[in-house]
Protein chains: 2
Amino acid sequence: MCTEECLKQAGRAGAFSRRAALAGAAAIAASAVMAEPAQAGPKGGYGRGVRDLTHPLTTTFPAFAPGEEPSRRTYVTIEENGYYMQEWRILEHYGTHVDAPGHFIPGGRTSTELAAAELVTPAAVIDIAARAARDPDTTVTVADIKGYERRYGRIPRDAAVLMYSGWAAKAGDPDAYRGTDAGGTLHFPGFSAEATEWLLRHRRIRSLGVDTLSIDPGVSSTFDTHLILTGADRYGVENLAGLDRLPRSGATIIVGLIPYQEGSGGQARVFATW
Amino acid sequence: MCTEECLKQAGRAGAFSRRAALAGAAAIAASAVMAEPAQAGPKGGYGRGVRDLTHPLTTTFPAFAPGEEPSRRTYVTIEENGYYMQEWRILEHYGTHVDAPGHFIPGGRTSTELAAAELVTPAAVIDIAARAARDPDTTVTVADIKGYERRYGRIPRDAAVLMYSGWAAKAGDPDAYRGTDAGGTLHFPGFSAEATEWLLRHRRIRSLGVDTLSIDPGVSSTFDTHLILTGADRYGVENLAGLDRLPRSGATIIVGLIPYQEGSGGQARVFATW
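Numbering of residues starts from 1 in every chain and runs along the sequence as written. All chains are assigned letters beginning at A, and all ligands numbers beginning at 1, according to the order in which they are written. Whole-chain, interface and lining totals are the exception, using all residues; otherwise, since this is a predicted model, local features are given only for residues with pLDDT of at least 70 and side-chain atom pairs are given and counted only at 80 or more. For the side-chain quantities, the full set of heavy atoms in the structure was used; hydrogens and water were omitted.

Break down the overall build of chain A for me, citing the residues and quoting the values.
Segments assigned H or I by DSSP are reported as helices when at least four residues long, segments assigned E as strands when at least two residues long, and all are numbered from the N terminus. Along the backbone of chain A there are nine helices and twelve strands. For every residue, the accessible area obtained with a 1.4 Å probe (protein chains only) is divided by the maximum for its type, and the residue is called buried under 20%, exposed over 50%, and partly exposed between those limits. Every one of the 274 residues in chain A was classed for burial, and the buried ones make up 62%. Relative to all contacts within chain A whose residues are 6 or more apart in sequence, the contacts with residues 24 or more apart total 73%. Using a 1.4 Å probe, the Shrake-Rupley method yields the accessible areas, and only the shown protein chains count as cover for residues. Here chain A has roughly 9,800 Å² of accessible surface; of this, 50% comes from carbon and sulfur atoms. Two residues qualify as a contact provided that any one of their heavy atoms is within 4.5 Å of a heavy atom in the partner residue.

Quick look at the structure:
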């Protein structure tokens, strides 16, 4: 809709603001009869079993490197302009986001080249939270995956394999979420290179997802898991939330990646349904 | 994952770049055996019937006001840093995006307050493309909706009602998409205020969506449809793509709104399934 610049061009910003204030009040009054509690959500079966796996996109969510958080500013306001809008300055790998193959691989596919059908897939949730609470450097291993399959059945082809480590609960404390030690090394769980190779080769997965800053464990300086996964033309999803409330098998994950031009990945709204 | 700043802090950017290049090549070779054509999409029934309703987010998509397009810059590169990433500067109402109630209504709900269950709803597609081709100022009327219901059945509660006007095909030509005349007035279709009020009151819809820049027609200077819809605590979706390929009834729309902090709305990846 109309922005500050177009209103300026049209020379009617003042008139619009006054009109907006009046009409807005009228609309609120007119609509009172039909308002429902917002938190009630849709009725009729739609939206049942929909879960949000996305952290709110704030300027205080932990960045991989302190200082790389986004900034935002108010661009127009209802009081001055008739409507409200912000402008953001943001890196593609902040908050809940996707790593496209082109993030690490020269000539690898970028955000607009990941098709809708690749972004809606079955989900398998590997729970290593108890072990991660004792050892933040732990990783998802081949043994974890085999243990998962004994309990929940074979991981289907084209699945998103998601690590639940309990880390999302730390997102309000960037130091705890990054786990930075005195020497500057990070400590949080991730996928082992061996498990990643096994899942690609034997289960032909579509993606890996984690509730931490990286699909590699924090201590990694070589990013083997990233290189193996993106080298296989598959993608990663980082900083997921809400994995504790997801069934371990049987859910479908919907990765709403913003299709940034030549994007190395980018912000995504991630839902699950079952 | 690790960003330029954290690599600098760790003092290992050079070593990482070299290692990445080597490991990346090895990973590509190792994965060749399991690569599938990217365009084939997932097998096994998942992703069947998933359609993308989102325009790629480029810097040349038509902004409501020329000059308000986003900018992007390369932040790090695989050659220099071991991986590739862009930074974006962007307004919340560019490209395929949501208008939250707080966009127009003081104290109205903002992006993080729209629940997942509200963003996944049944979709009803009202086709006015033939009329819009003759008259770009046309609107969706109450008669259009009643005609739709005679053919496709009653619009369910909490639906997304989507206008298909054929405008998405013009997105490569900003002047045509905006329809700006010599006097600076815009010309593209939208929802009439009357139809919006009728849908809210009699069908208790959840949202309106359009394949144009605004849920109001381009000629509007008072934004009545925005004010009525957001005044009723409902949201809009603008610049949708692919509505020509959607069933007129029976689809579910998934609005992957980025949950911007205090957002007036924002970029969204929008899918439909059926």
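An account of the sheet that holds strand β3 (residues 85-91) of chain B is needed here, citing residue identities and associated values.
DSSP bridges decide pairing: two strands pair if at least two such bridges lie between them. Spatially, four strands are ordered β2(A)-β3(A)-β3(B)-β2(B) in an open sheet, and the strand pairing comes out antiparallel. Both edges of this open sheet fall to β2 (71-76) of chain A together with β2 (71-76) of chain B, since each of them pairs with a single strand only. Taking the axes of each pair of neighbouring strands and ignoring which way they run, one obtains an average angle of 20° across the sheet. Taken together, the five bridges between β2(B) and β3(B) define a ladder with antiparallel strand orientation. Bridging across to β3(B), Ser71(B) finds its partner in Arg89(B). Only the stretch in contact is used when a helix axis is fitted, and all axes are lines through C-alpha atoms; the angle between N-to-C directions ranges over 0 to 180 degrees.

So what's going on with the nonpolar core? Residues and values would help.
We call a set of buried residues a nonpolar core when its members are Ala, Val, Leu, Ile, Met, Phe, Trp, Tyr or Cys and they connect through side-chain atoms within 4.5 Å of each other. Residues Leu162(A), Val255(A), Leu162(B) and Val255(B) are the most contacted members of the largest nonpolar core, which totals 56 residues. Discounting chain neighbours no more than four positions away, the residues touching Leu162(A) are Ala123(A), Ala124(A), Val125(A), Ile126(A), Phe191(A), Gly209(A), Leu240(A), Leu243(A), Leu246(A) and Ile253(A). The next biggest cluster of nonpolar side chains, apart from the first, holds 32 residues, and it includes Ala63(A), Trp167(A), Ile258(A) and Leu213(B).

Tell me about the pattern of salt bridges, and name the residues and values.
Once the charged atoms of two side chains with opposite charge are near each other, the side chains can pair. In the sections that follow, a salt bridge refers to a side-chain nitrogen of Lys or Arg positioned within 4 Å of a carboxyl oxygen of Asp or Glu. Under the counting rule described, the total for this entry stands at 24 salt bridges over all chains. A salt bridge links Glu87(A) to Arg89(B); its shortest N-O distance comes to 3.3 Å. Separated into two different chains, Glu87(A) in strand β3 (residues 85-91) and Arg89(B) in strand β3 make up a pair that spans both. Classification of Arg89(B) as partly exposed rests on a relative accessible area of 36%. For the salt bridge of Arg109(A) with Asp233(A), the shortest nitrogen-to-oxygen distance reads 2.9 Å. One end of the pair, Arg109(A), is in the loop between β4 (97-99) and α4 (116-119); the other, Asp233(A), is in the loop between α9 (224-231) and β10 (235-238), and 124 residues separate them in sequence. Judged by its relative accessible area of 11%, Arg109(A) falls in the buried class. Each member of the salt-bridge network shares a partner with another, and the members are Arg109(A), Glu118(A), Asp158(A), Arg206(A) and Asp233(A).

Give a description of the packing of helix α6 (residues 142-152) of chain A against helix α8 (residues 193-203) of chain A that names residues and reports values.
All names here are of chain A. Running from N to C, α6 and α8 point in directions that differ by 45°, and their axes come no closer than 8 Å. When the axis of α6 is compared with that of α8, the two are oblique. Between α6, through Val 142, Ile 145, Lys 146 and Glu 149, and α8, the contact on the second element is made entirely by Glu 194, Ala 195, Trp 198, Leu 199 and Arg 203. Taken together, the residues of the contact of α6 with α8 break down into five nonpolar, no polar and four charged. In these notes the angle categories are as follows: under 35 degrees is roughly parallel, over 145 is roughly antiparallel, 65 to 115 is roughly perpendicular, and the rest is oblique. Asp, Glu, Lys and Arg are counted as charged, while Ala, Val, Leu, Ile, Met, Phe, Trp, Tyr, Cys and Pro are counted as nonpolar; the rest, among them Gly, fall into the polar class.

Could you give an account of the packing of α8(A) against α9(A), with specific residues and numbers?
In a packed pair of helices, the relevant descriptors are the angle between the two axes and the axis-to-axis distance. Residues and elements named next belong to chain A. Their axes nearest at 9 Å, the elements α8 and α9 cross at an angle of 15°. Put simply, α8 runs roughly parallel to α9. The handedness of the crossing between α8 and α9 is right-handed. Where α8 abuts α9, its residues Ala 193, Thr 196, Glu 197 and Leu 200 lie against Asp 224, Thr 225, Ile 228 and Leu 229. Its residues assigned to classes, the contact of α8 with α9 shows four nonpolar, two polar and two charged. Note on convention: the crossing is left-handed when the near helix lies turned anticlockwise from the far helix by less than a right angle, right-handed when the turn is clockwise.

Before we move on, can you summarise α8(A) with the specific residues and values?
Residues and elements named next belong to chain A. Among all positions of α8, only Ala 193, Ala 195, Thr 196, Trp 198, Leu 199, Leu 200 and Arg 203 are buried. Elements that come into contact with the buried residues of α8 comprise β6 (139-140), α6, β7 (160-164), β8 (190-191), β9 (207-210) and α9. One or two steps after α8, the chain reaches Arg 204, where phi turns positive at roughly 45°.

Account for helix α9 (residues 224-231) of chain B, naming residues and giving values.
Residue and element names in this part refer to chain B. Along α9, seven of the eight residues are buried, which leaves the element largely enclosed by surrounding structure. Among the residues of α9, those classed as buried are Thr 225, His 226, Leu 227, Ile 228, Leu 229, Thr 230 and Gly 231. Directly after α9, the chain includes Asp 233, whose backbone phi takes a positive value near 65°.

Give a description of the pairing of β7(A) that names residues and reports values.
The side chains of a regular strand alternate, residue by residue, between the two faces of the sheet. All names here are of chain A. In terms of burial, β7 is a largely internal element, five of the five residues being buried. Burial along β7 is two-sided: Ala 160, Leu 162 and Tyr 164 facing one way and Val 161 and Met 163 facing the other are all buried. Where strand β5 (residues 120-127) meets β7, five bridges bridge the pair, whose relative direction is parallel. By the bridge assignment for β7, Asp 127 is matched with Tyr 164. Bridge count for β7 against β9 is four bridges, and the pairing is parallel. The partner of Leu 162 across the bridge, within β9, is Gly 209.

Which residues make up the packing of aromatic side chains, and what values do they have?
Here the aromatic set is Phe, Tyr and Trp, taking the six-membered ring for Trp, and pairing holds for ring centres within 6.5 Å; pairs whose planes are under 30 degrees apart are stacked, those over 60 apart are edge-to-face, and all others are tilted. In the structure shown here, the tally under the stated rule is 14 aromatic pairs over all chains. Ring geometry for Tyr148(A) against Tyr152(A): centres 5.0 Å apart, planes inclined by 40°, an arrangement best described as tilted. Note that Tyr148(A) and Tyr152(A) are positioned in helix α6 at a spacing of four residues, about one turn of the helix. A residue is classified by how much of its surface remains accessible, and Tyr148(A), at 6% relative accessible area, is buried. Ring centres 6.4 Å apart and planes at 85° place the aromatic pair Phe64(B) and Phe188(B) in the edge-to-face group. Note that Phe64(B) is positioned in the loop between β1 (50-52) and β2 and Phe188(B) in the loop between α7 (174-178) and β8 (190-191), a separation of 124 residues in sequence. For Phe64(B), a relative accessible area of 9% translates into the label buried. Looking at Phe188(B), the relative accessible area reads 0%, which means it is buried. Put simply, the rings of Phe61(A), Tyr94(A) and Tyr177(A) pair up and form one aromatic cluster. Only when the NZ of Lys or the CZ of Arg is both within 6 Å of the ring centre and within 35 degrees of the ring normal is a charge said to sit over the ring. Between the NZ or CZ atom of Lys170(A) and the centre of the ring of Trp167(A), over which it lies, the distance is 4.3 Å.

Lay out unusual backbone geometry with the relevant residues and their values.
Residue and element names in this part refer to chain A. A positive phi angle, close to 55°, is found at Phe 223, a residue other than glycine. The topology assignment puts Phe 223 in the loop between β9 and α9. Even without a glycine there, the phi angle at Glu 262 is positive, about 50°. Summarising the element assignment, Glu 262 is placed in the loop between β11 (251-257) and β12 (265-273).

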